[in-house]
Amino acid sequence: MAGDETPQAPVVAGVVGWPVGHSLSPLIHGEWARRAGIDGSYIRIPVEPGYEDFARAMDDLKSQGLKGVNVTIPHKEHALRYADAASEAAAKAGAANMLTFGTETRAENSDIAGFAAAVREQADAPGPYALVLGAGGAARGVILALQSLGVDGISIANRTKEKAEALAEAFGLAAIDWDRREDALATTDLLVNTTSLGMTGEPPLELSLESLRLGAIVADIVYSPLETKLLKWAKAKGHKTVDGLAMLMHQAVPGFKAWFGGDAVVDEALRAILVAELKKRGRL
Ligand code: ATR
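Quick summary incoming for the structure in this document. What you see is a predicted model, and the numbers here were worked out from it, not measured in a lab. (Residues numbered from 1 in each chain as written. Predicted model: local features only at pLDDT ≥ 70, side-chain atom pairs only at ≥ 80, totals over all residues. Heavy atoms only, no water.)

This part covers the overall build of the chain. A count of helical and extended segments in the chain gives ten helices and twelve strands. By principal-axis analysis of the C-alpha atoms, the chain measures approximately 70 × 35 × 35 Å. Of all 284 residues assigned to the chain, the portion counted as buried reaches 50%. In the chain, the share of contacts with a sequence separation of at least 24, taken over all contacts with a separation of at least 6, comes to 65%. Of the roughly 13600 Å² of accessible surface on the chain, a fraction of 51% belongs to carbon and sulfur atoms. The averaged location of the 36 negative side-chain charges in the chain is 3 Å from the averaged location of its 29 positive side-chain charges. (Helix = DSSP H or I, 4+ residues; strand = E, 2+ residues; numbered from the N terminus. Buried < 20%, exposed > 50% of the residue type's maximum accessible area, 1.4 Å probe, protein only. Contact = heavy atoms within 4.5 Å. Areas by Shrake-Rupley, 256 points an atom, 1.4 Å probe, with all protein chains shown as cover. Lys, Arg positive; Asp, Glu negative; His and termini not counted. Charge placed at Lys NZ, Arg CZ, Asp CG, Glu CD.)

Next comes the structure, spelled out in structure tokens:
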């Protein structure tokens, strides 16, 4: 008789990034697998920056029989490049957060639908005017999500003006000066921070919400800390808010369904598990 070690659940999928040690995704997929009674695990897979390392790691994972992976910083563009085929959303965003392995490797971008679903939890039909802060990869996804929700009056403010202008040109938006960002708030229905400002270890986001339109929704894609100063101020002023955990949970749904083949429901019980983990890490 062999030893009494508990057999490990077969690895079905994972999250690839650098660093990836703090990813909450294993907790999300683990909970859904438990609910569905599926014997499968979802692991963290650290892969150093650079396309060559990424491609080698994907070849290995594929040959080990993984069904797919989520991909996070700094590999989202590499994922799109590696794939044989891409969804329209991934192609438009120029980045993918999901790779599904099969006869061909398919890239998808569920960050976009994830953000849209998180906003929809607060308002079925948000108003037409949005202000997006930041012009990096995350901003591109947010802009595509907003457009999918019918928000067509999008302004973008970024410290480096040229990047805001390039995005404005590509997506048909208005670019505004970073120093004038507060001027747009009176006509904003949806304010979204996609910069790293407000994240643990980063400078705070300097923004007075004094003139923000009544009833506007405020979203922050940062989830560490979970309640950024921006969201705290917004709540104190009576605004509905969308935090980074809402987006994180919703973006995970398509991956779980594709790779584990079970149902994936975003609810308060799932959020409570993630909040408890963030609390343990002192990141509320
Ligand atoms: P991501 O892919 O997550 O969007 P990114 O491409 O590094 O990451 O983008 C980070 C965003 O935060 C950028 O819009 C960046 O502004 P710049 O384009 O001017 O660099 C913004 N950001 C980071 N630090 C900032 C700071 N101190 N003040 C203002 N904006 C900042």
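Glancing now at the sheet that holds strand β4 (residues 85-86). Sheet architecture is open: six strands sit in the order β2-β1-β3-β5-β6-β4, paired in mixed fashion. Two strands close off the open sheet at either side, each with one partner strand: β2 (41-46) and β4. By the bridge criterion, two bridges tie β4 to strand β6 (residues 106-108) in an arrangement that is parallel. Counterpart to Ala85 in the pairing with β6 is Arg106. Sheet contacts for helix α9 (residues 244-260): β1 (11-17), β2, β3 (68-71) and β5 (98-100); angle to β5, the most-contacted strand, approximately 10°. (Pairing = 2+ DSSP bridges. Axes fitted to C-alpha atoms, helices over the stretch in contact; angles between N-to-C directions.)

Another point: the site of the ligand. Surrounding the ligand, one finds 13 residues, the nearest of these being Ala135, Asn158, Arg159, Thr160 and Lys163. One nitrogen or oxygen atom from the side chain of Asn158 is found 2.6 Å from an oxygen atom belonging to the ligand. In isolation the ligand has 650 Å² of accessible area, and contact with the protein removes 69% of it. (Near = heavy atom within 4 Å. Polar contact = N/O pair within 3.5 Å; in protein donor to acceptor, adjacent residues only side chain to side chain.)

Here helix α6 (residues 137-148) contains twelve residues, and its C-alpha end-to-end distance of 17 Å stays within 8% of the 16 Å for a straight helix at 1.5 Å per residue. Where α6 is concerned, the buried positions are Ala139, Gly141, Val142, Ile143, Leu144, Ala145 and Leu146. Of the residues flanking the end of α6, it is Gly150, one or two places downstream, whose phi is positive at about 85°. (Expected span 1.5 Å × (residues − 1).)

α9 packs onto helix α1 (residues 25-36) with a crossing angle of 55° between their chain directions and a minimal axis gap of 10 Å. When the interaxial angle is binned, α1 and α9 end up oblique. Handedness of the α1/α9 crossing: right-handed. Residues Ser25, Ile28, His29, Trp32 and Ala33 of α1 pack against Leu248, Met249, Gln251, Ala252, Val253, Gly255, Phe256, Trp259 and Phe260 of α9. Within the contact of α1 with α9, the residues separate by chemical class into ten nonpolar, four polar and no charged. (Parallel < 35°, antiparallel > 145°, perpendicular 65-115°, else oblique. Left-handed = near helix turned anticlockwise from the far one by under 90°. Nonpolar A, V, L, I, M, F, W, Y, C, P; charged D, E, K, R; others polar.)

Turning next to the pairing of β1. Of all the seven residues making up β1, six are buried; the element is thus mostly covered by neighbouring parts of the structure. Bridge count for β1 against β2 is six bridges, and the pairing is parallel. Across the sheet, Gly17 pairs through a bridge with Pro46, a residue of β2. As judged from the four bridges shared by β1 and β3, these two strands associate in the parallel manner. Note on β3: the bridge partner recorded for Val15 is Asn70.

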